[in-house]
Amino acid sequence: MKSRARFGPRALSLTPMAYGIGFTEVRWDQWGELALGGFSGLGAAALFLMTFIRNIWVCYAGYIVFKCLYMLLITIAMFQIAADLTMERYALVFGANNFGALALQTIITSVVVDSRGLGLGIIPQFTIYASYFSLIAVLFSLRGLFTIWRSDTEPTAAVRNDPPDCDEHTF
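By convention here, each chain's residues receive numbers from 1 onward along its written sequence. This being a predicted model, a pLDDT of at least 70 is required before a residue's local features are given, and a value of 80 or more before pairs of side-chain atoms are given or counted; all residues contribute to the totals for chains, interfaces and linings. Excluding hydrogens and water, the side-chain values take into account all heavy atoms of the structure.

Caption draft 1: How the structure looks around the overall build of the protein chain. Each helix and strand in the protein chain was counted, giving five helices and zero strands. Going from N to C terminus, the protein chain has its helices and strands arranged as α-α-α-α-α. Buried residues in the protein chain amount to 23% of all 171 residues. In the protein chain, once contacts between residues fewer than 6 apart in sequence are set aside, the share between residues at least 24 apart is 68%. Of the accessible surface of the protein chain, which amounts to about 11,700 Å², a share of 70% is contributed by carbon and sulfur atoms. By definition, any uninterrupted DSSP run of H or I lasting at least four residues is a helix, any uninterrupted run of E lasting at least two residues is a strand, and each is numbered from the N terminus. Under the scheme applied here, a residue whose accessible area is under 20% of the maximum for its type counts as buried, over 50% as exposed, and between as partly exposed, the area being computed with a 1.4 Å probe on protein chains only. Throughout, a residue-residue contact means that at least one pair of heavy atoms, one from each residue, lies within 4.5 Å. Note on areas: Shrake-Rupley, 1.4 Å probe, and residue coverage restricted to the protein chains presented here.

This is the structure in structure tokens:
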């Protein structure tokens, strides 16, 4: 019963955000990477806030903000990946993606947290994770700015990520 109560408020805050992404009228092929960079930067800011603020309520609010942004990032990234896939490749691509994410998470956790690795305390751990999200934000933002610049300077060279015309992409 405890675990159900613990995930209830978070699920209530995440559901409208993830659901609302489906109704946004955005050219994700042009603005998606910049959005990922911006949301990663906000997530890094929330992690840095939780790291250096000593108020538990601010930390709880930072955690809720971070978790909402993280789920929003996952939703946008999965949408961008799925937009270019055929139905036959979903399992392979998302399976490999989840395996790679789990492997990276295991490596980072074993290096940062484990006593055989760095064995860092809580504050340095949060600093490393916030720095990791900051690096991701910079990379996505630079790539997003390049994509926008390229589409503005060469409108014919812009690549559209429209799915192929077939029944499996009709809802």
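Caption draft 2: Summary view of the UniProt feature "transmembrane region" (unreviewed entry) in the protein chain. Residues annotated in UniProt with the feature "transmembrane region" (unreviewed entry) correspond here to residues 34–54, 60–83, 90–112 and 118–142. Taken as a whole, residues 90–112 contains 100% helix and 0% strand, while its terminal C-alpha atoms sit 32 Å from one another. Secondary structure across residues 118–142 comprises 84% helix and 0% strand; the distance between its end C-alpha atoms is 31 Å. UniProt positions are given in the numbering used here, feature names are shortened, and annotations may be inferred rather than shown by experiment.

Caption draft 3: Up close: the nonpolar core. Take the buried residues of types Ala, Val, Leu, Ile, Met, Phe, Trp, Tyr and Cys, join any two whose side-chain atoms come within 4.5 Å, and each joined set is a nonpolar core. Judged by nonpolar contacts, Leu36, Ala44, Ala46, Leu47, Met50, Cys59, Phe66, Leu72, Leu73, Ile76, Ala130 and Phe133 together constitute the single largest core of 12 residues. Every element with two or more residues in this core is listed here: helix 2 (28–52), helix 3 (56–83) and helix 5 (122–153). Other than its neighbours up to four places away in sequence, alanine 44 contacts Ala130, Phe133 and Ser134.

Caption draft 4: Inspection of a nonpolar patch on the surface at higher detail. What makes a patch is a set of residues exposed beyond 30% relative accessible area and free of salt bridges, joined within 9 Å when like-charged and within 5 Å when nonpolar (Val, Leu, Ile, Met, Phe, Trp, Tyr). The term salt bridge refers to a pairing of a side-chain nitrogen on Lys or Arg with a carboxyl oxygen on Asp or Glu at a separation within 4 Å. Together, Ile107, Val111, Leu118 and Ile128 make up a nonpolar patch on the protein surface, roughly 340 Å² of accessible area in all. Relative to the elements of secondary structure, leucine 118 occurs in the loop between helix 4 (90–112) and helix 5.

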